[in-house]
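Below, each chain spelled out in residue letters.
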Amino acid sequence: QVQLVESGGGLVQAGGSLRLSCAASGSIFSINDMGWYRQAPGKLRELVARLTRGGSTNYADSVRGRFTISGDNAKNTVYLQMNSLKPENTAVYCCNARSGKMYEYVYWGQGTQVTVSS
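Attention in this report is confined to the structure presented alongside it. Everything quoted here is computed from the prediction, not taken from an experiment.

## Observations regarding the environment of Ala 60
Phase 1: By secondary structure assignment, the location of Ala 60 is in the loop between β6 (57-59) and β7 (67-72).
Phase 2: The residues contacting Ala 60, other than those within four sequence positions of it, are Leu 47 and Val 48.

In structure tokens form, the structure reads like this:
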């Protein structure tokens, strides 16, 4: 089992920055990768960024160049640095972790609200 706790959401003006944190606990050794998803009202949940155990990253096209995902192994924490925020980035952001040979075990945090005002 893996537990995930997010923090760092809030209200920011367009053009501003926020950094989200996701602290993992439990069976950390089993995690293959971690990611950030978001869901805006009336929209489907979408992948924002993902970080693999080996350090590879991938990003949604809409955030590439503005958002950066990184990890601190000593703190068992993954971060999402969000710069040049836009009103359309407003959503609940959730941390995700996957484990298992087939990535079949999926864990979610409780989510943190990010609101970008125009």
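Past the structure itself, the notes keep going.
## Quick notes on the layout of surface pockets
Phase 1: For the largest pocket, the calculated volume is near 350 Å³.
Phase 2: Within the residue set of the lining of the largest pocket, elements represented by two or more residues are β4 (31-39), β5 (46-52), β7 and β8 (77-82).
Phase 3: A per-element tally of the lining of the largest pocket places β4 first, with four residues.
Phase 4: For the lining of the largest pocket, the residue count by class is six nonpolar, seven polar and three charged.

## Observations concerning the environment of Thr 77
Phase 1: On the secondary structure map, Thr 77 appears in strand β8.
Phase 2: Along the primary structure Thr 77 and Ala 60 are separated by 17 residues, whereas in three dimensions their C-alpha atoms are 21 Å apart.
Phase 3: Here Lys 75 takes part through its backbone oxygen, which lies 2.8 Å from a polar atom of the side chain of Thr 77.

## Topic: the state of the cysteines
Phase 1: Tallying each qualifying case throughout the model produces one disulfide.
Phase 2: In this model Cys 22 forms its disulfide with Cys 95; the gap between the sulfur atoms is 2.0 Å. Here Cys 22 and Cys 95 share a disulfide; its torsion about the S-S bond, -85 degrees, makes the bridge left-handed. With Cys 22 in strand β3 (residues 18-26) and Cys 95 in strand β9 (residues 91-99), this residue pair connects regions lying 73 residues apart in the sequence. When sorted by exposure, Cys 22 lands in the same class as Cys 95, which is buried.
Phase 3: Free cysteine: Cys 94, not disulfide-bonded; nearest cysteine sulfur from Cys 95 at 8.7 Å.
Phase 4: Accessibility expressed as a relative area gives 15% for Cys 94, which makes it buried.

## Comments concerning the packing of aromatic side chains
A ring pair, where both rings are aromatic, is described by two values, the distance of the centres and the angle of the planes.
Phase 1: Across all of its chains, the model carries one aromatic pair by this definition.
Phase 2: In this arrangement the basic side chain of Arg 45 is found over the ring face of Trp 108, its NZ or CZ atom lying 4.0 Å from the centre.

## Brief notes about the pattern of salt bridges
Phase 1: In this structure the tally under the stated criterion is four salt bridges.
Phase 2: The residue Glu 46 makes a salt bridge to Arg 38 at a minimum N-O spacing of 2.6 Å.
Phase 3: Taking the relative accessible area as the measure of exposure, Glu 46 reaches 34% and is therefore partly exposed.
Phase 4: Across the salt bridge formed by Asp 61 and Arg 64, the nearest N and O atoms sit 2.7 Å from each other.
Phase 5: Judged by relative accessible area, Asp 61 falls into the exposed class, the value being 64%.
Phase 6: If you follow the salt bridges from partner to partner, you end up with Asp 33, Arg 50 and Arg 98 in one network.

Criteria and thresholds
Residues numbered from 1 in each chain as written. Predicted model: local features only at pLDDT ≥ 70, side-chain atom pairs only at ≥ 80, totals over all residues. Heavy atoms only, no water. Helix = DSSP H or I, 4+ residues; strand = E, 2+ residues; numbered from the N terminus. Contact = heavy atoms within 4.5 Å. 1 Å grid on protein atoms, 1.4 Å probe; cavity = no way out; pocket = protein on both sides within 12 Å on 5 of 7 lines; lining within 4 Å. Points joined across faces, edges and corners; volume = space filled by probe spheres on them. Nonpolar A, V, L, I, M, F, W, Y, C, P; charged D, E, K, R; others polar. Polar contact = N/O pair within 3.5 Å; in protein donor to acceptor, adjacent residues only side chain to side chain. Disulfide = S-S within 2.5 Å. Buried < 20%, exposed > 50% of the residue type's maximum accessible area, 1.4 Å probe, protein only. Phe/Tyr/Trp six-rings, centres within 6.5 Å; stacked < 30°, edge-to-face > 60°. Lys NZ or Arg CZ within 6 Å of the ring centre and 35° of its normal. Salt bridge = Lys/Arg side-chain N within 4 Å of Asp/Glu carboxyl O.

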